[in-house]
Amino acid sequence: MQLPARVYEVKELVVSNQPIISAVDLKRYYSVSKGLLRKAGVVKALDGVSFELAAGKTLAVVGESGCGKSTLARLVAMIEHASAGELLLDGKSVYSNKSASNKIGGNKIKLNSRETRQAVQVVFQDPYASLNPRHKIGTILEEPLALNSKMSAEQRRSRAESMMQRVGLRPEHYERYPHMFSGGQRQRIAIARAMILNPRVLVLDEPVSALDLSIQAQVLNLLAELQREFGLAYIFISHDLSVVRHIADYVMVMYLGKVVEAASVKVLFSEPRHPYTVALLSATPTTDSRVRKKRLTLKGELPSPLDPPDGCAFNPRCPNASKECRKEQPALKQAEDNSRQLACFHPMATQ
Amino acid sequence: MGLSIRALGITSTRSMRKDSVRKNSLQEKRSVRTRMLAEFWFYFAENRGAVIGLRVFALLVLLAIAAPLVAPLPPSEQYRDAFLTPPVWQEGGSWKFILGTDAVGRDILSRLIYGARFSLFIGLVVVTIAISGGVLLGLLAGYCRGVIDTLIMRIMDVILAFPSLLLALVMVAILGPGLLNAMIAIAIVLQPHFVRLTRASVLNEINRDYVTSARVAGAPPLYLITRTILPNCLSPIIVQGTLSFSTAILDAAALGFLGLGAQPPTPEWGTMLAEAREFILRAWWVVTFPGLAILLTVLAINLVGDGLRDALDPKLKKS
């Protein structure tokens, strides 16, 4: 995919390295009943993920579908409660003490304050489903303000109109319904709605994968501009590595609910170590025939999360798998050269 | 006439748009509602069937209200020298009884005009009770899930398991005969359809991203249910409501026939139909006209329901 040059520019942001949002060993389990007579199974959709993210930075989360990246997005956006672990905003837990719904499958969520809710907003993948079809664009944009602020109708309108202008919508769109817009415009509306409460963190759950390639670039540019302007922290869920490469600062590779490798985007793309990361990267379409020959292709499919393999979850598909891998689960550790975190007994050699 | 109404719709929306450009805040506040109405009418009027249905329905309502002025004869007066007189265009008919008389010599036209009052009233009350109760329970079941859901839905299943008329019969027997009790019974019998429909729509909508984003924006549960989810569930409920209108009229007629609904001299359409059953071969007009009245009413209401659904669905609107 050809992206305009603007995206490549290195973002020179003066920000403190203090993380805005961080996760400590986040877990999310779902209970699944397999029938009347059998014991209910537990799906570990997310099994111990930690990260820290500072203002103005983008953390990309990549992996196959079913690896738990969308679950992570839902936890960070506070749509669902973590089964265990902590989500911290400015070092403080987002959950109120009263929300003791850490039981498996529990979904009641109580936050410690209104501000916490406002600080993290979300943009969904499908812009056709994420806008209320019965509301006009103006109503959609003003809804968060009406719910969270004491602004008058005129103040709300002017704020909505300025935000519309900021994301590249025309003022006359205010009176229109979502179905009158194209996918790209809808995604702009969704972004404007997420931005209208002045959030500090934006969770982007595959925000461009439902869009045309030409529109993708525009929306990515818009996101990059907004990040620079407002110092937003992005959590960018994607399976499109070429997009990730251009927008992210850090990348976390997930496999079956766990992080297998995490590093800065430069390190990860230039010298991936985990066999799964290598396989993911070599699955990116390329025209370079030399690269194509060295491809590492994966056999088989993602194992059922209801019945994960013993040891390392990746071992049935891994070219380097040994006896050890089938017995023990490798922990996510800082690599020797401090460049990354890695969970593998037999990582690929650096070139 | 249909054309002229359409044209009116267009011009009024246009003029309203001009108004909104002028930033006169006081006037704007007032014009918002008229503009919404004009817009609604514009889309409603695009459906010709709906406009015809609405006109027939409006005529019926007018007739029902103005019954004492319009009806040529008193509805319960028996003309003993004119049993089973055929309608005016048939041999033996007279202009005094335009649609003929029934077995005890009452004027059918006058009875039909008065009957519109009862039938419309029954339909309206029954559908109102059934919709309000059904939607409330359906929203509750769909939003809360769990024990509440199971409890509500199993009770509704029990109600659905009985033949509707039998259940209504039992309830009227308990409550005592009479039109009001019959209406309550019918409303309870019709309610499960609304509960199921609402619950299904809620389950369908509640996991959509726009509901989630309203939650992320901080919408409290009551706001979510009433402002975000409910408006998106309304289309099937409106259609079901219009269909139930006709069912209600028919069920009330059946109860009347069994002596548990409208009591005999009352000129209720269904009761008339039931009373005339034995003359179906000898005097076709006694059965046909009440039946036609019911058919026309039901058809008109269904057409209006269709038009409403189209006009309320923003996806069908053009820019």
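Residues numbered from 1 in each chain as written. Chains lettered and ligands numbered in written order. Predicted model: local features only at pLDDT ≥ 70, side-chain atom pairs only at ≥ 80, totals over all residues.

1. Quick word on the overall build of chain A
Argument step 1. What chain A contains, in helices and strands, is 11 helices and 12 strands.
Argument step 2. Scored against the burial criterion, the 351 residues of chain A give a buried share of 43%.
Argument step 3. Long-range contacts, defined as pairs at least 24 residues apart, comprise 65% of the intrachain contacts of chain A with a sequence gap of at least 6. (Helix = DSSP H or I, 4+ residues; strand = E, 2+ residues; numbered from the N terminus. Buried ≥ 20, exposed ≤ 12 C-beta atoms within 10 Å, placed from the backbone. Contact = placed C-beta atoms within 7 Å.)

2. Digging into the sheet that holds strand 6 (residues 120-123) of chain A
Residues and elements named next belong to chain A.
Argument step 1. Read from one edge to the other, the open sheet built from 8 strands follows the order 6-7-8-3-9-10-12-11, with strand pairing classed as mixed. Here the strands that pair on one side only, and so sit at the sheet edges, are strand 6 and strand 11 (333-334).
Argument step 2. Note: strand 3 (residues 58-62) against strand 9 (residues 250-255), 4 bridges, orientation parallel. Bridged to V62 within strand 9 is V253.
Argument step 3. Across the face of the sheet, helix 5 (residues 183-195) comes into contact with strand 6 and strand 7 (201-205) while running at roughly 175° to strand 6. (Pairing = 2+ DSSP bridges. Axes fitted to C-alpha atoms, helices over the stretch in contact; angles between N-to-C directions.)

3. Overview of the pairing of strand 3 of chain A
Residues and elements named next belong to chain A.
Argument step 1. Across the 5 residues that make up strand 3, a large majority, 5, are buried.
Argument step 2. Covered by surrounding structure in strand 3 are T58, A60 and V62 together with L59 and V61, the residues of both alternating faces.
Argument step 3. Of the strand pairs in this sheet, strand 3 and strand 8 (residues 233-238) are connected by 5 bridges, and their pairing is parallel. Residue pairing across strands places L59 opposite I235, the latter belonging to strand 8.

4. Notes on helix 9 (residues 209-216) of chain B
Argument step 1. In terms of burial, helix 9 of chain B is largely enclosed, as 8 of its 8 residues are buried.
Argument step 2. For helix 9 of chain B, the complete set of buried residues consists of D209, Y210, V211, T212, S213, A214, R215 and V216 of chain B.
Argument step 3. On its buried face, helix 9 of chain B is in contact with strand 6, helix 3 (137-148) and helix 5 of chain A together with helix 8 (179-206) and helix 10 (221-257) of chain B.

5. Brief notes about the nonpolar core
Where a protein is soluble and globular, its nonpolar side chains tend to be buried together.
Argument step 1. Formed by 176 residues in total, the largest nonpolar core has its most connected members in I235 and V251 of chain A together with I186 of chain B.
Argument step 2. Broken down by element, this core gets its largest block of residues, 17 residues, from helix 5 (residues 108-144) of chain B.
Argument step 3. The residues that make up this core include at least three from each of domain 1 (5-248) and domain 2 (258-342) of chain A.
Argument step 4. Once you skip the residues sitting within four places of it in the chain, I235 of chain A turns out to touch L53, L59, V61, A73, V76, V201, V203 and L204 of chain A. (Core = buried A, V, L, I, M, F, W, Y, C linked by C-beta atoms within 7 Å. Domains from an automatic or database assignment.)

6. So, the interface of chain A and chain B
Argument step 1. Contacts between the two partners involve 24 residues from chain A and, on the opposite side, 18 residues from chain B.
Argument step 2. Within the residue set of the side of chain A that touches chain B, elements represented by two or more residues are helix 2 (114-119), strand 6 and helix 3 of chain A.
Argument step 3. Residue contributions to the side of chain A that touches chain B peak at 4 residues, all from helix 3 of chain A.

7. Considerations on the sheet that holds strand 4 (residues 84-89) of chain A
Residue and element names in this part refer to chain A.
Argument step 1. Spatial ordering of the open sheet is given by 2-1-4-5, a layout of 4 strands whose pairing is antiparallel. Each edge of the sheet is formed by a strand with only one pairing partner; in this case those strands are strand 2 (41-54) and strand 5 (92-93).
Argument step 2. Across 11 bridges, the pairing between strand 1 (residues 19-32) and strand 2 is antiparallel. Among the inter-strand pairings, A23 is bridged to a residue of strand 2, identified as F51.
Argument step 3. In the packing of helix 1 (residues 69-76) onto the sheet, contacts are made with strand 1, strand 2 and strand 4, and the angle to strand 2 comes to roughly 65°.

8. Observations concerning the packing of helix 5 of chain B against helix 8 of chain B
All names here are of chain B.
Argument step 1. The geometry of helix 5 relative to helix 8 is characterised by a closest axis approach of 6 Å and an angle of 40° between their N-to-C directions. When the axes of helix 5 and helix 8 are compared, the pair comes out oblique. The way helix 5 lies across helix 8 gives a crossing that is right-handed. (Parallel < 35°, antiparallel > 145°, perpendicular 65-115°, else oblique. Left-handed = near helix turned anticlockwise from the far one by under 90°.)

9. Side note on the confidence of the model for chain B
Residue and element names in this part refer to chain B.
Argument step 1. For chain B, the mean per-residue pLDDT works out to 82, and 88% of the residues sit at or above 70.
Argument step 2. With pLDDT under 50 throughout, residues 1-23 is counted as low confidence; its partners more than four residues away or in other chains account for 21 contacts.
Argument step 3. Across the interfaces of the predicted complex, the ipTM metric reaches 0.82, alongside a pTM of 0.78. (pLDDT = per-residue confidence, 0-100.)

10. Comments concerning the pairing of strand 4 of chain A
All names here are of chain A.
Argument step 1. Pairing analysis gives 5 bridges linking strand 1 to strand 4, with the strands arranged antiparallel. Residue pairing across strands places V24 opposite E86, the latter belonging to strand 4.
Argument step 2. Pairing between strand 4 and strand 5: 2 bridges, direction antiparallel. Looking across to strand 5, one finds that L88 is bridged to S93.
Argument step 3. Hairpin geometry of strand 4 and strand 5 is characterised by an intervening segment of 2 residues between the two adjacent antiparallel strands and by a positive phi of about 55° at D90.

11. Describing unusual backbone geometry
If a residue is not glycine, its phi is most likely negative; likewise, a peptide bond is most likely trans.
Residue and element names in this part refer to chain A.
Argument step 1. Of note in the backbone geometry, M78 takes a positive phi value of approximately 60° without being a glycine.
Argument step 2. Here M78 shows up in the loop between helix 1 and strand 4.
Argument step 3. For E206, which is not glycine, the phi dihedral falls at a positive 50°.

12. Regarding helix 4 (residues 153-166) of chain A
Residue and element names in this part refer to chain A.
Argument step 1. Helix length check: helix 4 (14 residues) gives 20 Å between terminal C-alpha atoms against 20 Å at 1.5 Å per residue, within 8%.
Argument step 2. Burial in helix 4 covers these residues: A160, M163 and M164. Taken down its axis, helix 4 places every buried residue within 105° of arc, on the same side. Those residues of helix 4 that are exposed and aimed more than 90 degrees away from the buried face are E154, S158, S162 and Q165.
Argument step 3. Summarising the contacts, the buried residues of helix 4 are in contact with helix 3 and helix 5.
Argument step 4. Just past helix 4, the residue G168 takes up positive phi, approximately 90°. (Expected span 1.5 Å × (residues − 1). Arc of directions from axis to C-beta.)

13. Some details on the environment of R114 of chain A
Residue and element names in this part refer to chain A.
Argument step 1. By the element assignment, R114 lies in helix 2.
Argument step 2. Judged by local crowding, R114 falls into the exposed class, with 11 C-beta atoms found within 10 Å.
Argument step 3. Along the sequence, R114 and N148 sit 34 residues apart, while their C-alpha atoms lie 7.8 Å from each other.

14. Details of the confidence of the model for chain A
Residues and elements named next belong to chain A.
Argument step 1. When pLDDT is averaged along chain A, the result is 84, and 87% of the positions lie at 70 or above.
Argument step 2. Segment residues 1-15 is flagged for pLDDT under 50; beyond a separation of four residues in sequence, or across chains, it makes 23 contacts in the model.
Argument step 3. Within the model, the stretch residues 100-106 combines pLDDT values under 50 with 13 contacts to residues more than four positions away or in other chains.

15. Overview of the environment of G311 of chain A
Residue and element names in this part refer to chain A.
Argument step 1. Looking at the element boundaries, G311 is found in the loop between helix 10 (289-293) and helix 11 (323-327).
Argument step 2. G311 sits in the partly exposed class, given 19 other C-beta atoms within 10 Å.
Argument step 3. In this structure the C-alpha to C-alpha distance between G311 and V42, which are 269 residues apart in sequence, comes to 17 Å.

16. So, the domain arrangement of chain A
Residue and element names in this part refer to chain A.
Argument step 1. Domain boundaries in chain A define domain 1 (5-248) and domain 2 (258-342).
Argument step 2. Taken together, the contact between domain 1 and domain 2 spans 15 residues of the former and 10 residues of the latter.
Argument step 3. A per-element tally of the side of domain 1 that touches domain 2 places strand 2 first, with 7 residues.
Argument step 4. For the side of domain 1 that touches domain 2, the per-class residue count stands at 7 nonpolar, 4 polar and 4 charged. (Nonpolar A, V, L, I, M, F, W, Y, C, P; charged D, E, K, R; others polar.)

17. Re the packing of helix 3 (residues 48-65) of chain B against helix 12 (residues 284-312) of chain B
Helix-helix packing is characterised by the crossing angle of the two axes and by the distance between the axes.
Residue and element names in this part refer to chain B.
Argument step 1. At their nearest, the axes of helix 3 and helix 12 sit 7 Å apart, and the two run at 135° to each other. It follows that helix 3 is oblique to helix 12 by the angle criterion. Where helix 3 crosses over helix 12, the two elements pack in a sense that is left-handed. The segment helix 3 lies against helix 12, with G49, A50, I52, G53, L54, V56, F57 and L60 engaging L296, T297, A300, I301, L303, V304, D306 and G307.
Argument step 2. Class assignment of the residues belonging to the contact of helix 3 with helix 12 gives a composition of 11 nonpolar, 4 polar and 1 charged.

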